[in-house]
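# Descriptive structure summary
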Amino acid sequence: MFTPARIRLLVVTCFALFMAMLDNLVLGVALPSIQRSLDAEMTDLQWFMNAYTLAFSVLLIPFSIMGERFGRKKMFLAGVVLFTIGSVLCGLSESSLQLILSRALQGVGGAAIVPLSLTLVNAGFPENMRAAAFGIWSGISGLGLSIGPLVGGLIVEGAPWQMIFWVNVPIGCLTLLFGSFWLADSKGERKPLDLPGVLLLAAGLFGIVFGLEQGNTEGWTSPEVVGSLISSAAVLLMFYAWERNRETPYIRFSLFRNRSYTGYIFTGFWMNAGIFGAIFLLTLFLQQAQGYSALEAGVRTMVWTGCTMICAPLAGIATGRFGGRAVLVVGMTAQALALAGFAVLIATAGVDVPFLWQAPLMMLAGAGMGLSYTPLAHGVMTSVPDQSSGEASGVSNATRELGGVFGIAICGLIFQSGTAIRTPDDFGLHLVPALWSGAAMIVLGVAAALLLPATRLAGSKLQQAEAQ
């Protein structure tokens, strides 16, 4: 049952999780105000966003594994401290460089908060209750990501842009205070420190994310982008070769021999690729093609996010009853159908399509996201031994983050290809093939989910086999 100690655990971890996920997208609507205030260049605006994403995605796995060695509670609270300090420095920024560096510090803190919050929840609940707990965790994660533009719009409409960052400070301080008393520390597999492995992995992930982030602005054939992607692939191959020869590897590639673990990892990648590539463009569609303000667009997307928040906890109950694969396939299929429906709707009705016609598709996509997040988290964490849960959390979150960056890059590339976009109608013509590409990526995720074992006991069997 949900004892007071477990409720307190969820409150602390979800408060911090919401704060970290919110800052992935909350800044977007404030960029015009920041540009005027700091006299920022266009490249500065891109780095206000990219600095967070780069630091966040690169350090997810290292922080997860440090939590296993030094204590999950310690590293989680260290992440809260770093994120809060970064938020203060963002609010005090008086130059573009200061804001970029402060955003990077926020990303460092977020990289500790997100995976370790999941690991702490996994350690704090017995196996028969984890699906429900992951449902709550997933709902908060999806809500934080999805309402970022709305929160940013609400703040910018009535307050200076710095308030976007100052609201994090009381949340961070309360999380640190209550987390110090309410969280129980735990550790996983105590791996030896592997500085070369950490540096190789971080450099490889940095190159991939940097190349994907810069592809649509610098050109996919530019030396900067091509060199970044090729060199990062070479570095990751070096990381793999280095790890194979270690008695206790930094990342246990042997876990990928398990069909369940690998299936959930790949499904999460393709889901984030498709849905976040589409969300990015649909948010622009509401503002640039249909003429809504940032706040008006944010309010309308609450139709989407509200369904995500409602369905994620329900997915926890369904996962416990029907198994992760069944719930995940339903959720992924709903998202693919929603994006395909958007493509057909805009292609036939044009950019002036009423919002009431869009709302059912937003509800379907939001429900699909809610039904997918929980079985993904539950499936990854239960398909590995408990002592490897931190590593699994880091790998899962990192691949999903890479999936989101990849999807935005590919959908953006398809959207920008062809003739120039000068009118709202041009926007609609370019949006349709991009939405189809997002739906196709999610279909790849559905295919990966269909290959998962049907039984809910896959994780337990793996743990038994590892123990023998």
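Calculation criteria
Numbering of residues begins from 1 in every chain and follows the order in which that chain's sequence is written. Predicted model: local features are reported for residues with pLDDT of at least 70 only, side-chain atom pairs are reported and counted for 80 or more only, and whole-chain, interface and lining totals are derived from all residues. To obtain the side-chain values, all non-hydrogen atoms of the structure were used and water was disregarded. Strands are runs of DSSP state E lasting at least 2 residues, helices are runs of H or I lasting at least 4, and numbering of each runs from the N terminus. Computed over the protein atoms alone on a 1 Å grid, cavities are sets of points where a 1.4 Å probe fits but cannot get out and pockets are open sets with protein on both sides within 12 Å along at least five of seven lines; a residue lines them when it has an atom within 4 Å of a point. Grid points are joined across faces, edges and corners, and a volume is the space filled by probe spheres set on the points. Only centres within 6.5 Å qualify two rings of Phe, Tyr or Trp (six-membered ring in Trp) as a pair; their planes then separate them into stacked at under 30 degrees, edge-to-face at over 60, and tilted for everything else. To sort residues, take the accessible area from a 1.4 Å probe on protein chains only and compare it with the maximum for the residue type: under 20% means buried, over 50% means exposed, and anything in between is partly exposed. Either the NZ atom of lysine or the CZ atom of arginine qualifies as a charge over a ring when it sits within 6 Å of the ring centre and within 35 degrees of the ring normal. Confidence of the predictor in every single residue is expressed as pLDDT, which spans 0 to 100. Contact criterion: two residues are considered in contact whenever any of their non-hydrogen atoms come within 4.5 Å of each other. In this classification, Asp, Glu, Lys and Arg are treated as charged, Ala, Val, Leu, Ile, Met, Phe, Trp, Tyr, Cys and Pro as nonpolar, and every other residue, Gly included, as polar. Take a side-chain nitrogen of Lys or Arg and a carboxyl oxygen of Asp or Glu: if they are within 4 Å of each other, that pair is a salt bridge. Note on geometry: axes are lines fitted to C-alpha atoms, helical ones only across the stretch in contact, with angles between N-to-C directions running from 0 to 180 degrees. In this scheme the handedness of a crossing depends on how the near helix is turned from the far one: anticlockwise by less than a right angle means left-handed, clockwise means right-handed.

### What about unusual backbone geometry?
With phi around 55 degrees, Asp39 is a residue other than glycine that occupies positive phi space. Assignment of secondary structure puts Asp39 in the loop between helix 2 (31-38) and helix 3 (42-70).

### Considerations on the layout of surface pockets
Over the atoms, a rolling probe the size of a water molecule traces out where space has been left empty. Considered as a void within the structure, the second largest pocket measures approximately 530 Å³ in volume. Every element with two or more residues in the lining of the second largest pocket is listed here: helix 10 (195-218), helix 11 (223-244), helix 12 (259-289) and helix 17 (389-416). Here the lining of the second largest pocket gets five residues from one element, more than from any other, and that element is helix 17.

### Focus: the packing of aromatic side chains
Taken as a whole and judged by the stated rule, the model has 15 aromatic pairs. Judged by centre distance (6.2 Å) and plane angle (65 degrees), the ring pair of Phe239 and Phe253 falls under edge-to-face. In this pair, Phe239 sits in helix 11 while Phe253 sits in the loop between helix 11 and helix 12, placing the two residues 14 residues apart along the sequence. Residue classification places Phe239 among the buried residues on the basis of a relative accessible area of 3%. A relative accessible area of 28% means that Phe253 is categorised as partly exposed. Through successive ring pairs, a cluster of aromatic residues spans Phe239, Tyr240, Phe253, Phe256 and Tyr261. The ring centre of Phe355 lies 5.7 Å from the NZ or CZ of Arg300, which sits over that ring.

### Description of the confidence of the model for the chain
Note that predicted coordinates carrying low pLDDT should not be read in detail. Chain-level statistics for the chain give a pLDDT mean of 86 and a share of 95% at 70 or above. Contacts from residues 457-468, a stretch scored under 50 in pLDDT, to residues over four places away or in other chains number 17 contacts.

### Digging into empty space enclosed by the protein
Going through the model one piece at a time under the given rule, you end up with two cavities of 30 Å³ or more. Approximately 40 Å³ is the volume found for the second largest cavity. What lines the second largest cavity is Ile65, Glu68, Glu189, Lys191, Gln387, Ser388 and Glu391. Partitioned by chemical class, the residues of the lining of the second largest cavity number one nonpolar, two polar and four charged.

### Points about the pattern of salt bridges
For the structure on display, the rule yields two salt bridges. Taking the shortest distance from any N to any O, the salt bridge between Arg72 and Glu68 comes out at 2.7 Å. On the basis of relative accessibility, which here comes to 3%, the residue Glu68 falls in the buried class. Measuring nitrogen to oxygen at the nearest pair gives 3.0 Å for the salt bridge that ties Lys74 to Asp185. A residue pair is termed long-range when its members are at least 10 positions apart, and Lys74 in helix 4 (residues 72-91) and Asp185 in the loop between helix 9 (168-182) and helix 10 qualify at 111 residues. Take Asp185: its relative accessible area is 33%, and that puts it in the partly exposed class.

### Structural notes on the packing of helix 12 against helix 17
Two elements in contact, helix 12 and helix 17, have axes whose closest approach is 7 Å; the angle formed by their N-to-C orientations is 40 degrees. Where helix 12 crosses over helix 17, the handedness of that crossing is right-handed. Counted by class, the contact of helix 12 with helix 17 contains 16 nonpolar, eight polar and two charged residues.

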